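# Notes for the structure review
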Amino acid sequence: MANMAVSRIKREFKEVMRSEEIVQCSIKIELINDSWTELRGEIAGPPDTPYEGGKFILEIKVPETYPFNPPKVRFITKIWHPNISSVTGAICLDILKDNWAAAMTLRTVLLSLQALLAAAEPDDPQDAVVAYQYKDKYPLFLMTAKHWTNVYAGGPHKFTECDLKIQRLKDMGIDEHDARAVLSKENWDLEKATESLFS
Amino acid sequence: MGNCLKINNSDDISLLQGGEISNTQDFAPDQNDPAPIYSELLQPIFFPSPSVRRPVSHLTEEEQVKIAKRIGLIQHLPIGTYDGSKKSRECVICMIDFCVDEAVRYLPCMHIYHVHCIDDWLMRSLTCPSCMEPVDAALLTSYETT
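Structure report, in brief. Only a predicted model underlies this, so the values are computations on that prediction, with no experimental measurement involved.

From N to C terminus, chain A includes eight helices and four strands. Scanning chain A from its N terminus toward the C terminus, one meets helices and strands in the order α-α-β-β-β-β-α-α-α-α-α-α. Put simply, 54% of the contacts in chain A that link residues at least 6 apart link residues at least 24 apart. For chain A, the accessible area works out to roughly 9600 Å², and carbon and sulfur atoms hold 51% of it.

It is worth spelling out the interface of chain A and chain B at this point. Taken together, the contacts link 16 residues of chain A with 14 residues of chain B. Across the interface of chain A and chain B, roughly 1300 Å² is buried in total on both sides, 67% from carbon and sulfur atoms. Together, A:Arg11, A:Phe68 and A:Ala103 form the three largest contributors to the area buried by chain A at its contact with chain B, with a combined 39%. The tally of links between chain A and chain B comes to zero salt bridges. Taken together, the connections running from chain A to chain B amount to four residue pairs in polar contact (both at pLDDT 80 or more). In terms of residue class, the side of chain A that touches chain B is made up of eight nonpolar, four polar and four charged.

Residue and element names in this part refer to chain A. Inspection of every chain in the model, using the stated rule, returns twelve salt bridges over all chains. Here Glu21 ties to Arg107 by a salt bridge, and the two come within 2.9 Å at their closest N and O atoms. Of this pair, Glu21 sits in helix α2 (residues 20–23) while Arg107 sits in helix α3 (residues 106–118), and the two are 86 residues apart along the sequence. Residue classification places Glu21 among the buried positions, given a relative accessible area of 12%. Judged by relative accessible area, which is 23%, Arg107 ranks as partly exposed. Of the charged contacts, one joins Lys170 and Glu176 as a salt bridge, the two residues approaching to 3.1 Å between their closest N and O atoms. Since its relative accessible area comes to 33%, Lys170 is described here as partly exposed. Residue Glu176 is classed as partly exposed on the basis of its relative accessible area of 33%. Among the charged side chains, a salt-bridge network with shared partners connects Lys170, Glu176 and Arg180.

Another point: helix α2 (residues 61–75) of chain B. All names here are of chain B. With 15 residues, α2 should cover 21 Å at 1.5 Å per step; its first-to-last C-alpha distance of 21 Å lies within 8% of that length. Of all the residues in α2, the buried ones are Glu63, Ile67, Arg70, Ile71, Leu73 and Ile74. The arc that holds the buried residues of α2, viewed along the axis, is 160°, so those residues lie on one side. Along α2, exposed side chains directed more than 90 degrees from the buried face belong to Glu61, Glu62 and Lys69.

Take the side chain of A:Asn69 next. Within the secondary structure, A:Asn69 sits in the loop between β3 (55–61) and β4 (72–75). A:Asn69 gets classed as buried once you look at its relative accessible area, which sits at 14%. Here A:Thr65 takes part through its side chain, which lies 2.8 Å from a polar atom of the side chain of A:Asn69. Beyond its immediate stretch of four places on either side in the chain, A:Asn69 contacts A:Pro63, A:Trp100, B:Pro50 and B:Arg124.

All names here are of chain B. As summarised here, the arrangement of the three strands in space is β3-β6-β7, forming an open sheet in which the pairing is antiparallel. The sheet terminates laterally at β3 (79–81) and β7 (112–114), the two strands that pair on one side only. For this sheet the average axis-to-axis angle between neighbouring strands, irrespective of direction, equals 45°. Taken together, the three bridges between β3 and strand β6 (residues 103–106) define a ladder with antiparallel strand orientation. The residue bridging Thr81 from the neighbouring strand is Ala103, located in β6. Each of β3, β6 and β7 touches helix α3 (residues 115–122); the most contacted strand, β7, lies at about 100° to it.

Before going further, it helps to spend a moment on the packing of aromatic side chains. Evaluated as defined, the whole model comprises ten aromatic pairs over all chains. Seen from their ring centres, B:Tyr82 and B:Phe98 are 5.0 Å apart, and the 35° between their planes marks the pair as tilted. On the criterion of sequence distance, the pair formed by B:Tyr82 in the loop between β3 and β4 (90–91) and B:Phe98 in the loop between β5 (96–97) and β6 is long-range, its members being 16 residues apart. Here B:Tyr82 matches B:Phe98 in class, with each residue buried. Feature note: the residues A:Tyr51, A:Phe56 and A:Phe75 constitute an aromatic cluster, connected by ring pairs. The ring of B:Phe47 has B:Arg124 sitting right over it, with the charged end atom 3.7 Å from the ring centre.

Definitions and limits used
Sequence positions are assigned chain by chain, starting from 1 and proceeding in written order. Working convention: letters from A go to chains and numbers from 1 go to ligands, in the order in which they are written. Side-chain atom pairs in this predicted model are given and counted only at pLDDT of 80 or more, local residue features only at pLDDT of at least 70, and totals for whole chains, interfaces and linings cover all residues. Computation of side-chain values covers all heavy atoms of the structure but excludes hydrogens and water. The numbering of helices and of strands both runs from the N terminus, where a helix is a DSSP run of H or I of at least 4 residues and a strand a run of E of at least 2. Any two residues having at least one pair of non-hydrogen atoms within 4.5 Å are treated as being in contact. Note on areas: Shrake-Rupley with a 1.4 Å probe; residue coverage comes only from the protein chains shown. As used here, buried area is the combined drop in accessible area, with a 1.4 Å probe, of two parts when they are placed together. A pairing counts as a salt bridge when a side-chain nitrogen of Lys or Arg comes within 4 Å of a carboxyl oxygen of Asp or Glu. Within 3.5 Å is the distance limit for a polar contact, defined as a pair of N or O atoms, with the added protein rule that one can donate a hydrogen and the other accept it, and that residues adjacent in sequence qualify only through two side-chain atoms. Residues are grouped as follows: Ala, Val, Leu, Ile, Met, Phe, Trp, Tyr, Cys and Pro are nonpolar; Asp, Glu, Lys and Arg are charged; every other residue, Gly included, is polar. Exposed residues in this analysis have more than 50% of their type's maximum accessible area, buried residues have under 20%, and partly exposed residues fall in between, with area computed by a 1.4 Å probe over protein chains only. Expected span of a helix: the number of residues minus one, times 1.5 Å. As used here, the arc is the angular range of directions from the helix axis to the C-beta atoms. DSSP bridges decide pairing: two strands pair if at least two such bridges lie between them. Here an axis means a line fitted to C-alpha atoms, over the contact stretch when the element is a helix, while the angle between two N-to-C directions is reported on a 0 to 180 degree scale. Each Phe, Tyr or Trp ring, with Trp reduced to its six-membered ring, pairs with another whose centre is within 6.5 Å; inter-plane angles below 30 degrees give stacked pairs, above 60 give edge-to-face pairs, and intermediate values give tilted ones. In our convention, an over-ring charge means Lys NZ or Arg CZ found within 6 Å of a ring centre and within 35 degrees of that ring's normal.

What follows is the structure, given as structure tokens:
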């Protein structure tokens, strides 16, 4: 890997380690390989959002041309958010694409992602289904996002109603995550979810 | 134009050479056996837009014009030497501290960077990496009076 990319990542790694946010346990970063090309980030769900109390793991891949091109980042932890794919974890955020600037760092990327969790942009969606629910059925969106945060990121809110419906689909031989995904998509309408699974 | 900063006497053509090619003989037309793949590898790479990467021979005419204009603009940005008194101590692109007497390029917003760092960036995007100010717009307004 190009020298500048490695030396920058090393410096940025130290910057994150010394940052205020690490003291507050709000962001974290760790190394995946010795060549400094792959890192794992972690962000805490921001307060007063459905993601509060959850820890979200991120895959960070540093391109050889870093910092002239942005790092490639996606969510490993499954998350229900209009700008993040509920299937792949791909993120729609301008600074990770055309609005990247060489002065941005791993720390600012992690903080921007935290800000994205606090302020979704449903008009520029990555996941159309989630964005539609956000705009059209906001209370259901909140419940779904909290439920996903509980199941995948260790969040505090349990929804017995959701669990019961998922169990019903599991009893029909459906994988738990597939059941959750289809119910979330069908606004927790068990009948519609069953229909979409078996038609 | 009153410019108290150091001016290069000869044209700086390092940008045209992609910055990485040291041996220009590789492009000599009289060379007999340039394996096509080998010469492809030696071609300078350009970035018509930040995420588009193309060897020089694959650029469209429009992109060539765009890049030529960009090189022209970059060469109009003054180069100075770091005197140690500036507020910014580190080049935010490579995150390495400036050394006294090191060559730095000034953008219209007065942010400074190592010449090779900022030139690499400007060849992809004509904005200041620190404040996002479009370099071309700022430069053009400063010329409009002439």
